[in-house]
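This is what each chain is made of:
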Amino acid sequence: MSPGSRTRVAVVGAGPAGLLLARLLHLHGIDCVVLESRGRGYVEQRQRAGILEQSTVDVLRRAGAADRLEREGLPHDGIELRFAGRRHRLDFPALTGGRRVWVYAQTEVVKDLIALQLADGPPLLFEAPVHAVEGAQDGGCTVHYTHEGRKRALVCDWVVGCDGFHGVVRDAVPAHARQVHERVHPYAWLGILADAPPVHDELIYAHSPRGFALASMRSPAVSRLYLQVPVGTEPDAWPDERIWDELDTRFGADAGWRLTRGPVTQKAVLPMRSSVTEPMRYGRVLLAGDAAHIVPPTGAKGLNLAASDVAVLARAFARLYETGSTALLDTYSDDCLRRVWRAQHFSSFMTTTLHTAPDQSSFDTRLQLSQLERVAASPHAAAELAANYTGAPLPDEG
């Protein structure tokens, strides 16, 4: 692609949000170009979320990007809560009228979308960092970037920032035109990947006096596990044996219960914070995914919010280029933010109910346990948790 080239939509960032948007636009016959600052290998190896809501799976199916997901993804019909020596399972389909979730890593979603894009989709340029976006309030935008050692410019009708919280596109929105709401949580997660079969066929969320723990999976042979740790923890401070022992302690709802151990292949500490940027549109610049909002991982909402953003946005672009109407683009920010704040509320509920704060009192702990006991005892409370976890239908799902 030469300098001065033109497209209708410039998508900055080749994460799941940018790639899925490009795929949906391609299916609507809308020209776009995806610019990604990193190389393909890096993008395909970024470890992120692994839980897909019903709506996300449905969007991937409509995009023709779910073939491998159908073969290799693990459908889950519930989760298990562990607290105060108790084990309680939530049956999602029974509580939600049939909705469920899938375990399928974000890395695999990205690989599937990249393969489709390179096979028959619009241009996807790796190692193409964007330096600036101009013309947000004019009749069109210009995206300045570098590719193959040369400075280039892409003229477009619209720019969509899918390049994360620290991305360049957010900076195209002046500080006076956006408001950022944030919360930094006083704990972090130590996450590991291990070559060990999952101990349970569904996710386990554990509340314990020693802190939160989560047992998940990436496949029938690979476990994904998390421990609540203090902010600033270094991964090397936790040798493998210490991690396994602590996980056993926090999950031990009954005597003799133990995880299946195996080699730890990856170890990292994940900070916990919440952020929402309002509005998600400024002139001809639109934000999607982590560029607009970040949620703590307890509610499994990050990737799913990104997918819902771009599904709404693709529909708005389709309406624009089919009819000339900007009606759906004009309501894009408000439409998405309603879902974003619902997800933030649920993620905050899950996080504050299951984690132990550094200054937590016995009163705080008893409130947490009371809330968990209510979920276990009340069909209404269980149904609300299940509905939020599996996700609400998108507008075009009816």
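In what follows, the structure referred to is the one given above.
Every chain begins its residue count from 1, and numbering advances along the sequence as written. Confidence filtering applies because this is a predicted model: local features only for residues at pLDDT of at least 70, side-chain atom pairs given and counted only at 80 or more, and all residues used for totals across whole chains, interfaces and linings. The side-chain quantities take in all heavy atoms of the structure and omit both hydrogens and water.

**Concerning the sheet that holds strand β12 (residues 179–194)**
The pairing of strands in a sheet comes from backbone hydrogen bonds and takes either a parallel or an antiparallel form. Taken together, the eight strands give an open sheet; going across it, the order is β6-β5-β13-β14-β15-β12-β16-β19, and neighbouring strands pair in mixed fashion. This sheet does not close on itself; its edge strands, each paired only once, are β6 (86–91) and β19 (293–294). As paired strands, β12 and strand β16 (residues 264–278) are joined by 13 bridges and run antiparallel to one another. Across the sheet, the residue bridging to R183 is S274, located in β16. If DSSP finds at least two bridges between two strands, the strands pair. By definition, any uninterrupted DSSP run of H or I lasting at least four residues is a helix, any uninterrupted run of E lasting at least two residues is a strand, and each is numbered from the N terminus.

**A word on the packing of helix α11 (residues 332–354) against helix α12 (residues 362–377)**
Orientation of α11 relative to α12, taken along the N-to-C sense of each, is 120 degrees, at an axis distance of 9 Å. As judged from the angle between their axes, α11 and α12 are oblique. Contact with α11, carried on its side by F349, T352, T353 and L354, involves Q368, Q371 and L372 of α12 and no other residues of that element. Note that Gly is not counted as nonpolar here; it falls among the polar residues with everything else outside the nonpolar set of Ala, Val, Leu, Ile, Met, Phe, Trp, Tyr, Cys and Pro and the charged set of Asp, Glu, Lys and Arg. Taken together, the residues that form the contact of α11 with α12 break down as three nonpolar, four polar and no charged. Axis definition: a line fitted to C-alpha atoms, limited for helices to the stretch in contact. Angles are taken between N-to-C directions and run from 0 to 180 degrees. In what follows, roughly perpendicular refers to angles from 65 to 115 degrees, roughly parallel to angles under 35, roughly antiparallel to angles over 145, and oblique to any angle outside these ranges. The criterion used for residue contact is that any of the two residues' heavy atoms lie within 4.5 Å.

**Looking at unusual backbone geometry**
Put simply, E278 and P279 share a cis peptide bond, and its omega is -10 degrees. Residue placement: P279 occurs in the loop between β16 and β17 (281–282). Of note in the backbone geometry, E127 takes a positive phi value of approximately 50 degrees without being a glycine. When you line up the elements, E127 lands in the loop between β8 (124–125) and β9 (130–134). We note that A300 has phi near 55 degrees; this positive angle belongs to a residue other than glycine. Of note, A300 is situated in the loop between β19 and α9 (302–323). Each residue is placed in one exposure class: buried if its accessible area under a 1.4 Å probe, protein chains only, is under 20% of its type's maximum, exposed if it is over 50%, and partly exposed if it falls in between. On the accessibility criterion, A300 (15% relative accessible area) is buried.

**With respect to the packing of α11 against helix α13 (residues 379–390)**
Running from N to C, α11 and α13 cross one another at 120 degrees; their axes reach a closest spacing of 10 Å. Judged by the angle between their axes, α11 and α13 are oblique. Regarding α11 and α13, the two cross each other, and that crossing is left-handed. Here R342, F346, F349 and M350 of α11 lie close against α13, whose contacting residues are L385, N388 and Y389. Of the residues contributing to the contact of α11 with α13, the split by class is five nonpolar, one polar and one charged. By convention, the crossing between two helices is left-handed when the near helix turns anticlockwise from the far helix through less than a right angle, and right-handed when the turn is clockwise.

**Regarding the nonpolar core**
Throughout this description, the term nonpolar core refers to a set of buried Ala, Val, Leu, Ile, Met, Phe, Trp, Tyr and Cys residues connected via side-chain atoms within 4.5 Å. Formed by 82 residues in total, the largest nonpolar core has its most connected members in L20, L35, L52, V143, V159, V160 and F317. Once you skip the residues sitting within four places of it in the chain, V159 turns out to touch A10, V12, V133, C141, V143, V169, R284, V285 and L286. Ranked by size, the runner-up nonpolar core spans 31 residues in total, among them L74, V101, L214 and L369.

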